[in-house]
Amino acid sequence: MHIELTFDDLKDLETIIAMGFKEGFEAERLFATLSEGGVVEMPLQLMFWGAWYGSFSDRFGINWMVNYQPSGSRGYSPAET
């Protein structure tokens, strides 16, 4: 899937982009890259429902939610890869 938005499309909106990932390392990479220069509201961490979740505002003020739901009950630490 591909989407292209310009800053002008988003700057006057309360925009939240939610991303779900199949691989934990992809979630960690996107979180680290896009949150740089922004404000992390919740670090990417294991949540009580069994998923890794984090949220931040990027340097342009766009809000992001990142989620990774591991298969199985073991859980996953993004640092394991």
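If you're wondering where the values come from, they're calculated on a predicted model, not measured in any experiment.

The rules behind the values
Residues numbered from 1 in each chain as written. Predicted model: local features only at pLDDT ≥ 70, side-chain atom pairs only at ≥ 80, totals over all residues. Heavy atoms only, no water. Helix = DSSP H or I, 4+ residues; strand = E, 2+ residues; numbered from the N terminus. Expected span 1.5 Å × (residues − 1). Buried < 20%, exposed > 50% of the residue type's maximum accessible area, 1.4 Å probe, protein only. Arc of directions from axis to C-beta. Pairing = 2+ DSSP bridges. Axes fitted to C-alpha atoms, helices over the stretch in contact; angles between N-to-C directions. Contact = heavy atoms within 4.5 Å.

Undergrad: How should helix α2 (residues 24–35) be read in this particular structure?
TA: Three- or four-residue spacings in an α-helix give side chains the same orientation, since the helix completes a turn every 3.6 residues. The terminal C-alpha atoms of α2 lie 16 Å apart, and with 12 residues this matches the ideal 16 Å at 1.5 Å per residue to within 8%. Looking only at α2, the buried set comprises Gly 24, Ala 27, Leu 30, Phe 31 and Ser 35. The arc that holds the buried residues of α2, viewed along the axis, is 130°, so those residues lie on one side. With respect to the buried face of α2, the exposed residues turned more than 90 degrees away are Arg 29 and Thr 33.

Undergrad: For this particular structure, what's the right way to read the sheet that holds strand β1 (residues 16–21)?
TA: Backbone hydrogen bonds hold the strands of a sheet together, and the pairing may be parallel or antiparallel. Across the sheet, four strands lie side by side as β1-β4-β3-β2; this open sheet has mixed pairing. For this open sheet the edge positions go to β1 and β2 (39–46), each flanked by a neighbour on one side alone. Taking each pair of neighbouring strands and ignoring which way they run, the sheet shows an average axis angle of 10°. Relative to strand β3 (residues 52–57), β2 is paired through five bridges, and the arrangement is antiparallel. For Val 40, the partnering residue across the bridge sits in β3 and is Phe 56. Against the sheet, α2 makes contact with β1, β2, β3 and β4 (63–68), and its axis sits at roughly 165° relative to β2, the strand it touches most.

These figures come from the coordinates and say nothing about function on their own.
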